[in-house]
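# Secondary and tertiary structure notes
What follows is each chain in one-letter form.
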Amino acid sequence: MRVGIRREPLPGERRVAATPETVTQLTALGLEVQVESGAGIASGHGDAAYTDAGATVVPHLNAGDLDVYCHVRPLAPESAATLRPGTVTVGLASPASEPATVSALAAAGVTAFALELVPRISRAQSMDALTSQSLVSGYRVVLEAAIRFPRFFPLYMTAAGTIPPARVLVLGAGVAGLQAIATAKRLGARVSAYDVRPASADEVTSMGGTFVNLDLDAVEGTGGYARELSEDRAVRQRDLLAPYVAAADVMITTAAIPGRAAPLLVTHDMVAAMRPGSVVIDLAAETGGNVEGVVAGRDTPVPTRAGDGTVTLVGMKDAPSTMPADASRLFAKNVANLLALMTRDGQVTPDFTDEVVAGACLTHDGTIRHEPTAAAIS
Ligand code: NAD
């Protein structure tokens, strides 16, 4: 069967869905791999590296010649429509925000696997792109903050005086938040973190952070995810968070609810109450933002309430793409491992009795298999 690896068309997207290492893995499964010329350049892999690994490099993929189509970003509806019925796709699909693509995939009779839907169970960890890409984002976001922060992160005791460590507050302690805590600790900051799921307290502590315990009832949904707060509880949460925000030098927000807009955790007034020179980075900026007024891809100076300067509010955008080599290395392994799970004797044949395969399948045989997406679209 022929697997196509596309050159990502979205400007600014620098990742690729296969590396030379995973091409070797896929060809060892008996699959033939075609790579679109230049697909790996931004992540450090030239065409020759793919050829050496056993792929064929083509100027343009012809979707009609492929049995499997691998991508990073969700397909455009018009790309989905060019695929043959029965083609298997593997990549990110953003089903909640790309309904036109989902409908186009179903209409084209494509068997689409959305990496966002891979169940968060131990057996599927090697295919979990949400985790692998959040790891990259959580690391990168701290570096972005450190570059903008006009002070050191670590404590320095020098002959010229003592410099206290930066106080970093992380809101949302999922995969990205925990990685942010670990990275800020490695840089020497004093780190505290909050999450609405009480279960995250031990994880925060194990990363070296101090858990912020608000007097708010636990809100845990299914599968280890948070649930949306009612508006009055969201208001109370913001009130309780306000003093912690005001005391922070750097704040990183990562809170998310699957399939929903990001929860608003921090108001404009809360940001304005911080000290001048403070930095706020919102990793949820692309899905609505945790911080009022954030704009994805932009640094916004917010005047302090005291009138003594500004706080830099950063809307993080395309975070994993800012580290394309390692983000692609991990993403490509996720793709290859999911394909390996479905391949027998050189044929990709999804077995829907497997909960990972069934869970990750978005469309098949002309229908939308993922029930929440089907319900939202109908
Ligand atoms: P996510 O990206 O959906 O959300 C990030 C964090 O935001 C979560 O920790 C969530 O609790 C938090 N959050 C949501 N609303 C909030 C609010 N109002 N205030 C404060 N925080 C809020 O989450 P994620 O990083 O994908 O992880 C979700 C869960 O999945 C975690 O429990 C994680 O441990 C688990 N997980 C399991 C596996 C596995 O078993 N294979 C893999 C990865 C993650």
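Per an unreviewed UniProt entry, the protein goes by the name proton-translocating NAD(P)(+) transhydrogenase and belongs to Cryobacterium cheniae. Annotation of the protein in UniProt includes, under Sequence similarities (unreviewed entry), the sentence "Belongs to the AlaDH/PNT family." Its UniProt record gives the protein the following Function (unreviewed entry) comment, quoted word for word: "The transhydrogenation between NADH and NADP is coupled to respiration and ATP hydrolysis and functions as a proton pump across the membrane."

The subject of this paragraph is the overall build of the protein. Counting secondary structure elements, the protein contains 12 helices and 19 strands. For a compact globule of 378 residues, the expected C-alpha radius of gyration is about 21 Å, and the protein comes in at 22 Å, within 12% of that figure. Its C-alpha atoms put the protein at 65 × 50 × 35 Å along the principal axes. Counting only residues that meet the buried cut, the protein has 46% of its 378 residues in that class. The contacts in the protein between residues at least 6 apart in sequence include a share of 65% that link residues at least 24 apart.

Taken in spatial order, the 8 strands line up as E3-E2-E1-E4-E5-E6-E18-E19 in an open sheet, and their pairing is mixed. Both edges of this open sheet fall to strand E3 (56-58) and strand E19 (367-368), since each of them pairs with a single strand only. Relative to E3, strand E2 (residues 32-36) is paired through 3 bridges, and the arrangement is parallel. Residue pairing in the sheet places glutamate 36 in a bridge with valine 58 of E3. In the packing of helix H4 (residues 99-107) onto the sheet, contacts are made with strand E6 (111-114), strand E18 (361-364) and E19, and the angle to E18 comes to roughly 45°.

This next bit is on the sheet that holds strand E14 (residues 299-303). Pairing within the open sheet is mixed, and its 7 strands lie in the order E11-E10-E9-E12-E13-E15-E14. In this open sheet, the two strands that pair with only one neighbour each are strand E11 (210-211) and E14. For E14 and strand E15 (residues 310-315), the ladder comprises 5 bridges, and the chain directions are antiparallel. Bridging across to E15, proline 303 finds its partner in threonine 310. Strands in contact with helix H5 (residues 129-148) are strand E12 (250-253), strand E13 (279-282) and E15; relative to E13, the strand with the most contacts, it is inclined by about 155°. The strands touched by helix H8 (residues 231-247) within the sheet are strand E9 (167-171), strand E10 (190-194) and E12, with E9 carrying the most contacts at an inclination of about 145°.

This part takes up the environment of threonine 287. Within the secondary structure layout, threonine 287 lies in the loop between E13 and E14. A sequence separation of 183 residues divides threonine 287 from alanine 104, and the C-alpha atoms of the two residues are 23 Å apart. Setting aside anything within four residues of it in sequence, one finds threonine 287 in contact with Ala256, Ala261 and Ala262.

This part is about the packing of helix H1 (residues 20-28) against helix H10 (residues 324-342). Axis separation between H1 and H10 bottoms out at 9 Å; the angle between their running directions is 5°. It follows that H1 is roughly parallel to H10 by the angle criterion. When H1 is examined against H10, the residues Thr22, Gln25 and Leu26 are found in contact with a partner set consisting of Ala332, Lys333, Val335, Ala336, Leu339 and Ala340. Residues belonging to the contact of H1 with H10 are distributed by class as follows: 6 nonpolar, 2 polar and 1 charged.

As a further point, take the nonpolar core. In this structure, Ala18, Val168, Val170, Ile252 and Val335 are the most contacted members of the largest nonpolar core, which totals 110 residues. For this core, the leading source of residues is H10, giving 9 residues. Residue contributions to this core reach at least three from each of two domains, namely domain 1 (2-117 + 324-370) and domain 2 (136-321). Those residues within four positions of isoleucine 252 in sequence are excluded, and the remaining contacts are Val141, Val142, Ala145, Val168, Val170, Ala180, Ile281 and Leu283.

Moving on, we get to the pairing of E9. Where burial is concerned, most of E9 is hidden: 4 out of the 5 residues are buried. Summarising the sheet, E9 and E10 pair through 5 bridges and their orientation is parallel. Across the sheet, the residue bridging to leucine 169 is serine 192, located in E10. On the question of chirality, the crossover connecting E9 to the parallel E10 by way of helix H6 (residues 175-186) is right-handed. Bridge count for E9 against E12 is 4 bridges, and the pairing is parallel. Bridging across to E12, leucine 171 finds its partner in threonine 253.

Reading the values: the criteria
Residues numbered from 1 in each chain as written. Predicted model: local features only at pLDDT ≥ 70, side-chain atom pairs only at ≥ 80, totals over all residues. UniProt positions renumbered as here; feature names shortened; annotations may be inferred. Helix = DSSP H or I, 4+ residues; strand = E, 2+ residues; numbered from the N terminus. Rg over C-alpha atoms; globule rule 2.2 N^0.38 Å. Buried ≥ 20, exposed ≤ 12 C-beta atoms within 10 Å, placed from the backbone. Contact = placed C-beta atoms within 7 Å. Pairing = 2+ DSSP bridges. Axes fitted to C-alpha atoms, helices over the stretch in contact; angles between N-to-C directions. Parallel < 35°, antiparallel > 145°, perpendicular 65-115°, else oblique. Nonpolar A, V, L, I, M, F, W, Y, C, P; charged D, E, K, R; others polar. Core = buried A, V, L, I, M, F, W, Y, C linked by C-beta atoms within 7 Å. Domains from an automatic or database assignment. Right-handed = clockwise from strand over helix to strand, strands pointing away.

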